[in-house]
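# Results of the structural survey
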Amino acid sequence: MSESVARPDSPVSAYNEWDPLEEVIVGIVDGAHFPPYDIEVSAPLSAEQRAVFRENAGRPFPADGIAAARDELDQLVDILGGEGVKVRRPEPRDHSQSYSAPGWSSTGLYDAMPRDMLLVVGQDIIEAPMSWRSRHHAASAFRPLLKEYFHGGARWSSPPKPELTDELYVEGWTDQPEGEPFRSVITEFEPTFDAADFVRCGRDIFGQRSHTTNAMGIEWLRRHLGDTYRVHELTLADDHPMHIDASLMPLAPGKLLIHPDRVPEVPAIFKDWEVRTAPLPVIPDGHPLYMTSKWINMNVLMIDEHKMVVEAQDEPMRRFAEDWGMEAILCPFRNFNSLGGSFHCATVDVRRRGELQSYF
Ligand code: ARG
């Protein structure tokens, strides 16, 4: 469906996580702020992270951490450029500015994680209908690029704009008791999803329900993409799910990287794939991780199916990549990790050289 409506020379074209990367958007940390402490923000966080978010709501993230993360992003940009990849950046914005809609108001978060916001499927670049009020205008930073891609012949889609009224959030939500099935903070009031709750393997796209993605959001994507694609909903064992890319990461045709606990049963469709468990993270305990677990170590970016960008101090992941026949390209990223993501989150692959295929 999406192939027929974009121009053949579309600057947007990517079907999976591993074809040779030609153009990528890398996020920016400028202007990053802790968002207002709303229930949907608290839900995916650990108890310690909740305390930090509550205390710092509306304040900028610590300046020294931001400066160090900015420097790491610049190094990533240089590395990707050196690999022949065209690198694009969003426009800096002031996230302390408040905005409102009927029934609510908010300030913003950051433009550090384009992966959360933009989903590229074939020649279609889709703006995610995000459920956090603090991310309601997340597309704005990318609009100059999106317009350029549109002029260039890409398809540019946006699901129904979410209203984010109180009906979307479960009143009085609390964590599910230990051992009980996941209880989302969002309802089925309207379709919402974050782009990072999906990973792409050609005709098969894998997604999960989370604290940001509801069943209607997954169904919207399924109908939008039509018969060309199969959108599979996976149920993983993540107590605080938000974004699938630190739980299940397809790296190459036939190679699946998984979190050691969150994928208790590998989905049957991967039966002919080689599945390996991510090595233990080496991020030290004292290092601030405001909104992710240490398993952000497995949030890697593939430059092609033999080349993986790996955190510079992550010796186990470097060895893991090499053992699996891939070259590890090292980039320091630990300060960026503090903001909740790693190389996969920090990027969106706009164009990878390759065709639509089925890998199953
Ligand atoms: N929720 C994951 C974890 O805590 C982190 C996922 C980050 N991904 C992203 N695209 N921002 O392990």
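Cut-offs used in this document
Residues numbered from 1 in each chain as written. Predicted model: local features only at pLDDT ≥ 70, side-chain atom pairs only at ≥ 80, totals over all residues. Heavy atoms only, no water. Helix = DSSP H or I, 4+ residues; strand = E, 2+ residues; numbered from the N terminus. Buried < 20%, exposed > 50% of the residue type's maximum accessible area, 1.4 Å probe, protein only. Contact = heavy atoms within 4.5 Å. UniProt positions renumbered as here; feature names shortened; annotations may be inferred. Near = heavy atom within 4 Å. Polar contact = N/O pair within 3.5 Å; in protein donor to acceptor, adjacent residues only side chain to side chain. Areas by Shrake-Rupley, 256 points an atom, 1.4 Å probe, with all protein chains shown as cover. Pairing = 2+ DSSP bridges. Axes fitted to C-alpha atoms, helices over the stretch in contact; angles between N-to-C directions. Disulfide = S-S within 2.5 Å. Arc of directions from axis to C-beta.

### Examining the environment of Phe142
Its location among the elements puts Phe142 in the loop between β6 (124–127) and α6 (143–152). Taking the relative accessible area as the measure of exposure, Phe142 reaches 2% and is therefore buried. As a C-alpha pair, Phe142 and Met298 span 156 residues in sequence and 26 Å in three-dimensional space. Residues in contact with Phe142, not counting those within four places in the same chain, are Ile25, Pro90, Asp111, Pro114, Met117 and Leu118.

### Some remarks on the UniProt feature "active site" (unreviewed entry) in the protein chain
If you check UniProt for "active site" (unreviewed entry), the listed places come out as Asp194, His243 and Cys345 in our numbering. Separation in sequence by 152 residues is not matched in space for these annotated residues, since their most distant C-alpha atoms are only 11.4 Å apart. Summarising the element assignment, Asp194 is placed in the loop between β7 (155–157) and β8 (198–201). When its relative accessible area of 2% is taken as the criterion, Asp194 is described as buried. Among the secondary structure elements, Cys345 is positioned in the loop between α9 (334–337) and β17 (347–352). Dropping the residues within four chain positions of it, Cys345 is found in contact with Ala112, Met113, Pro114, Arg115, Asp245, Ile296, Asn299 and Gly340.

### Considering the site of the ligand
Neighbouring the ligand are the residues Asp116, Ala196, Met242, His243, Asp245, Ala246, Arg262, Thr292, Ser293, Ile296, Gly340 and Cys345. The contact in question runs from a nitrogen atom of the ligand to an N or O atom on the side chain of Asp116, over 2.8 Å. Here a nitrogen atom of the ligand sits 2.9 Å away from a polar atom, N or O, in the side chain of Asp245. Protein chains bury 93% of the 350 Å² of accessible surface belonging to the ligand in isolation.

### Side note on the pairing of strand β14 (residues 301–304)
The pairing of β14 with strand β15 (residues 307–311) spans three bridges and is antiparallel. In the strand pairing of β15, Leu301 is matched with Val309. The antiparallel hairpin formed by β14 and β15 contains two residues in its connecting segment.

### Some thoughts on the sheet that holds strand β1 (residues 21–26)
The sheet built from three strands is open, its strands ordered β2-β1-β17 with mixed pairing. Each edge of the sheet is formed by a strand with only one pairing partner; in this case those strands are β2 (86–88) and β17. This sheet shows a mean twist of 20 degrees between the axes of neighbouring strands, independent of strand direction. As judged from the five bridges shared by β1 and β17, these two strands associate in the antiparallel manner. Bridging from a neighbouring strand, Val26 pairs with Thr347 of β17. Contacting β1, β2 and β17, helix α4 (residues 63–82) runs over the sheet at an angle of about 165 degrees to β1.

### Examining the state of the cysteines
For the structure on display, the rule yields zero disulfides. No disulfide involves Cys331; its sulfur sits 14 Å from that of Cys345, the nearest cysteine. Relative accessible area serves as the criterion here: at 0%, Cys331 is assigned to the buried category.

### Focus on helix α7 (residues 215–225)
Since the α-helix packs 3.6 residues into each turn, any two residues three or four apart lie on the same face. For α7, the full list of buried residues reads Gly217, Ile218, Trp220, Leu221, His224 and Leu225. Around the axis of α7, the buried residues are gathered within 155 degrees of arc, so they sit on the same side. Buried residues in α7 make contact with β5 (118–121), β6, β7, β8, β9 (204–208) and β10 (230–234). With its phi angle positive at about 75 degrees, Gly226 sits one or two positions after the end of α7.

### Side note on unusual backbone geometry
Note: most residues except glycine have negative phi, and most peptide bonds are trans. Backbone geometry at Leu164 places phi at a positive 55 degrees, although glycine is not the residue there. With respect to the helices and strands, the residue Leu164 is situated in the loop between β7 and β8. Accessibility expressed as a relative area gives 0% for Leu164, which makes it buried.

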